[in-house]
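Fold and contact review
In case you want the letters, here they are:
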Amino acid sequence: MQVLWVSGYQELSELVAEHIYRSIEEKPEANWGLATGSSFVGTYRLLVEKHRPRPLDLEGIRTFNLDEYVGLDGSSPYSFRYFMNRSLFYPLGLDLGQTNIPNGMAKDLELECKRYEEKIEASGRIDYQLLGVGVNGHIGFNEPGTEFSSRTHVARLTESTRRANSRFFGSIESVPTHAITMGIGSIMRAREIILVVSGDGKEEVVQQLLGHQVVSKRWPVTILKKHPKVTVIVDESLVSERVGVG
Ligand code: GLP
């Protein structure tokens, strides 16, 4: 696990955007696993800024988002489809046919999960997976207790996650109770993972991930200790001392 410390959100966003830009230059035919959340707003904005004067060849790129709320369609400003289209796909000029996000409006949600997982596998797996992390250690919407072997499934959101995400919705009651998410097993099949740890209240996440704590389902993010190629980018304001850098 490679750990990079950054001194704030701007530096973090710059580093990740540059990494994505260079990776696409080097490997223009690749599958990208994408994440939503505040952690990536700056990254996507800077990636678009880099792309404008020096456009990347994006024809060979396929994207797969981690998750989507159940019950929201792409026209809802709270859906992850809406966020991705506006913050990244439209500005980059990506054909939406190249992009994949679970359909939270599917009549048969189980079938949708199966379809999504199969599409990822049929595409040849994910080359680069971007990940954020919740204050309770969730990745995607894999809440504490989720099986490490899980594949794309419908997840029930915890009270803490709904409260954290209510900042986008205005009230906790408006936050959906369920989401479709790639599973932990799906995420671990990516060839490379880039994890961003940024945002208030994630001190314990840093401790669990970079300290000597064991891999535990109580902190889903800790499974990344077992992945062969992970880069963790941590906002150093989250630690008083740089702990156990491996
Ligand atoms: C959301 C998403 C996660 C994201 C996390 C952290 O619930 N499902 O994929 O990593 O919360 O979000 P933020 O970056 O806004 O702190």
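Just above sits the structure.
All of the points below concern the structure found in this document. (Residues numbered from 1 in each chain as written. Predicted model: local features only at pLDDT ≥ 70, side-chain atom pairs only at ≥ 80, totals over all residues. Heavy atoms only, no water.)

Right, let's talk about the overall build of the protein chain for a bit. Helix and strand counts for the protein chain stand at 7 helices and 10 strands. Radius of gyration (C-alpha) of the protein chain: 17 Å, near the 18 Å computed for a compact globule of 246 residues. In terms of overall dimensions, the protein chain has C-alpha extents of about 45 × 40 × 35 Å along its principal axes. Counting across all 246 residues of the protein chain, residues that qualify as buried make up 54%. Across the protein chain, the fraction of contacts at a sequence separation of at least 24, relative to all contacts at a separation of at least 6, is 78%. The averaged location of the 31 negative side-chain charges in the protein chain is 3 Å from the averaged location of its 28 positive side-chain charges. (Helix = DSSP H or I, 4+ residues; strand = E, 2+ residues; numbered from the N terminus. Rg over C-alpha atoms; globule rule 2.2 N^0.38 Å. Buried < 20%, exposed > 50% of the residue type's maximum accessible area, 1.4 Å probe, protein only. Contact = heavy atoms within 4.5 Å. Lys, Arg positive; Asp, Glu negative; His and termini not counted. Charge placed at Lys NZ, Arg CZ, Asp CG, Glu CD.)

Overall, antiparallel pairing links the 3 strands, which are arranged β4-β8-β7 in an open sheet. Both outer strands of the open sheet, β4 (67-69) and β7 (153-156), are each paired with one neighbouring strand and no more. Going across the sheet, the axis of each strand differs from the next one's by a mean of 30°, ignoring polarity. Two elements, β7 and strand β8 (residues 178-181), share 4 bridges in a ladder whose sense is antiparallel. From the neighbouring strand, H153 faces β8, where its bridge partner is T181. (Pairing = 2+ DSSP bridges. Axes fitted to C-alpha atoms, helices over the stretch in contact; angles between N-to-C directions.)

Judged by nonpolar contacts, the single largest core of 60 residues is most densely connected at W32, L88, L195 and V197. Looking at which element gives the most residues to this core, the answer is helix α1 (residues 9-26), with 6 residues. With residues up to four places along the chain from it excluded, the contact list for L88 reads L34, Y44, L47, V48 and F83. Counting residues in hydrophobic clusters, the runner-up holds 8 residues, among them L72, L157, V175 and A179. (Core = buried A, V, L, I, M, F, W, Y, C linked by side-chain atoms within 4.5 Å.)

With that settled, consider the sheet that holds strand β10 (residues 230-235). Through backbone hydrogen bonds, the strands of a sheet pair up, either in parallel or in antiparallel fashion. The strand order across the open sheet formed by 7 strands is β1-β10-β9-β6-β2-β3-β5, and the pairing between neighbours is parallel. Each edge of the open sheet carries a strand with a single partner, namely β1 (2-6) and β5 (99-100). Direction of pairing for strand β2 (residues 30-34) relative to strand β3 (residues 61-65): parallel, over a ladder of 5 bridges. In the strand pairing of β3, N31 is matched with R62.

This brings us to the site of the ligand. In the vicinity of the ligand, the residues found are G37, S38, S39, D67, G132, V133, H138, G140, F141, N165, R167 and K202. In the model, an oxygen atom of the ligand is placed 3.3 Å from a nitrogen or oxygen of the V133 main chain. In isolation the ligand offers 390 Å² of accessible surface; the protein chains occlude 94% of this area. For the shell around the ligand, the class distribution of residues is 2 nonpolar, 7 polar and 3 charged. (Near = heavy atom within 4 Å. Polar contact = N/O pair within 3.5 Å; in protein donor to acceptor, adjacent residues only side chain to side chain. Areas by Shrake-Rupley, 256 points an atom, 1.4 Å probe, with all protein chains shown as cover. Nonpolar A, V, L, I, M, F, W, Y, C, P; charged D, E, K, R; others polar.)

Counted according to the given criterion, the structure contains 15 salt bridges. Residues E14 and K50 are paired through a salt bridge, measuring 2.7 Å at the closest nitrogen-oxygen approach. Within this pair, whereas E14 is found in helix α1, its partner K50 is found in helix α2 (residues 41-51), the two being separated by 36 residues in sequence. With a closest N to O distance of 3.4 Å, E192 and K229 form a salt bridge. Of this pair, E192 sits in strand β9 (residues 192-197) while K229 sits in the loop between α7 (203-210) and β10, placing them 37 residues apart in sequence. By sharing partners, the salt bridges in this structure join E14, E18, R22 and K50 into a single network. (Salt bridge = Lys/Arg side-chain N within 4 Å of Asp/Glu carboxyl O.)

Moving on to the environment of I61. Relative to the helices and strands, I61 is located in strand β3. Relative accessible area serves as the criterion here: at 4%, I61 is assigned to the buried category. In this structure, the C-alpha to C-alpha distance between I61 and E29, residues 32 residues apart in sequence, is 5.4 Å. Excluding residues within four positions of it along the chain, I61 makes contact with I24, K27, P28, A30, W32 and Q98.

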